[in-house]
Amino acid sequence: VTGDAWAEGDLALLWGSARETLLLRLARGPQSVEGRGVLDLSLQIGAAPGGGITWAGRKFRLLRPSLSDLLGALERRAQVVSPKDAAQLLLLAGVGPGNRVGEAGSGSGWLTVVLAHAVGSTGRVYSFDRRRDFLDFARRNVERVGLAPRVEFAERDVAVDGFGTNSLDAILLDVPEPWAVLPGAREALVPGGRIATYSPTYNQVERTVHALRELGFEDARSEELLLRTIEVGEGGTRPAFEMLGHTGFLSVARWMGGPW
Ligand SMILES: C[S@@+](CC[C@H](N)C(=O)[O-])C[C@H]1O[C@@H](n2cnc3c(N)ncnc32)[C@H](O)[C@@H]1O
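Residues numbered from 1 in each chain as written. Predicted model: local features only at pLDDT ≥ 70, side-chain atom pairs only at ≥ 80, totals over all residues. Heavy atoms only, no water.

Overview of the site of the ligand
Around the ligand sit 22 residues, and of these Ser 108, Asp 129, Asp 157, Val 158 and Asp 174 come closest. At 3.2 Å, a backbone N or O of Arg 130 approaches a nitrogen atom of the ligand. Asp 157 is positioned such that a nitrogen or oxygen atom in its side chain is 2.8 Å from a nitrogen atom of the ligand. For the ligand, the accessible surface in isolation is 610 Å², of which the surrounding protein chains cover 91%. (Near = heavy atom within 4 Å. Polar contact = N/O pair within 3.5 Å; in protein donor to acceptor, adjacent residues only side chain to side chain. Areas by Shrake-Rupley, 256 points an atom, 1.4 Å probe, with all protein chains shown as cover.)

Below you can see the structure in the form of structure tokens.
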């Protein structure tokens, strides 16, 4: 909980400026930081978060990392779900503390980290990918931000083998052919469970939403989020000229557990 004293092994955000941040685990004794040199944070253990240090002539604050700080420390390989879309996917899929959530594919593990953060210490994320190299990459990212105890990874083609359970509160799909996964998802969801998909193209959305309706999911719909940054200046506050024009479309539906 924010405000508690630092303990050995805690993840800390070293905040120099918005452009200079670093995620580190608190350890006793000097630790080497790749490309940066050596740092000893022993004195912080037992102290309250928010304290300052000087390292190599620069000042840093030691803060508890938030979800967006964790995302900033991840590495990417496959196309990842952007934070704005990941946040909305949580709402659409109704993911919260204590939930059991299925996910495919793991990819770089970005969405996995968001899900693991949302389900809390009592929840569980089951993350599947049909490629071992992606699973390993995603697992390393989840470990990097200390959320590994909440996630189980498995190598599986969910279009062929489904999710191997019937008790998921929500399923999130970021795969090229979500429609092929829906029959298995239907078996895996509890009544009232929700499925949410992330797809870059209209063709995928159309095929997915049609399949959701045909398979008896309720309230199938799609949406897109456009994020515009506002440049705040003296008397000249306006939207930034450039914006990311397209990331992906979000589709969602509810499973009621069979015919009424
Ligand atoms: C775009 S990436 C997912 C990125 C991930 N959401 C993230 O935020 O880092 C898509 C992944 O889905 C996996 N995949 C595609 N079809 C699959 C299937 N039928 N079953 C399991 N994984 C699948 C691919 O191997 C790939 O790693």
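Describing the environment of Glu 103
Tracing the backbone through its elements, the reader meets Glu 103 in strand β7 (residues 100–104). Accessibility expressed as a relative area gives 1% for Glu 103, which makes it buried. Once you skip the residues sitting within four places of it in the chain, Glu 103 turns out to touch Leu 111, Thr 112, Leu 115, Tyr 126, Ser 127, Phe 128, Phe 163 and Leu 172. Polar side-chain contacts of Glu 103 include one of 2.7 Å to the side chain of Ser 127. (Helix = DSSP H or I, 4+ residues; strand = E, 2+ residues; numbered from the N terminus. Buried < 20%, exposed > 50% of the residue type's maximum accessible area, 1.4 Å probe, protein only. Contact = heavy atoms within 4.5 Å.)

Here we look at the pairing of strand β11 (residues 189–199)
The pairing of strand β10 (residues 168–173) with β11 spans 5 bridges and is parallel. If you follow Leu 173 over to β11, its bridge partner there is Thr 197. Handedness of the crossover is the feature at issue here: the chain leaves β10, passes through helix α6 (residues 182–188), returns alongside β11, and the resulting connection is right-handed. (Pairing = 2+ DSSP bridges. Right-handed = clockwise from strand over helix to strand, strands pointing away.)

Looking at the sheet that holds strand β9 (residues 151–155)
Strand order in the open sheet made by the 7 strands is β9-β8-β7-β10-β11-β15-β12, with mixed pairing throughout. With partners counted over all chains shown, the strands left at the sheet margins are β9 and β12 (218–223), one partner each. Strand-to-strand twist across the sheet, computed as the mean angle between neighbouring axes with direction ignored, equals 15°. Sheet topology note: the strand β8 (residues 124–129)/β9 ladder contains 5 bridges and is parallel. Note that in β9 the partner of Tyr 126 across the bridge is Glu 152. (Axes fitted to C-alpha atoms, helices over the stretch in contact; angles between N-to-C directions.)

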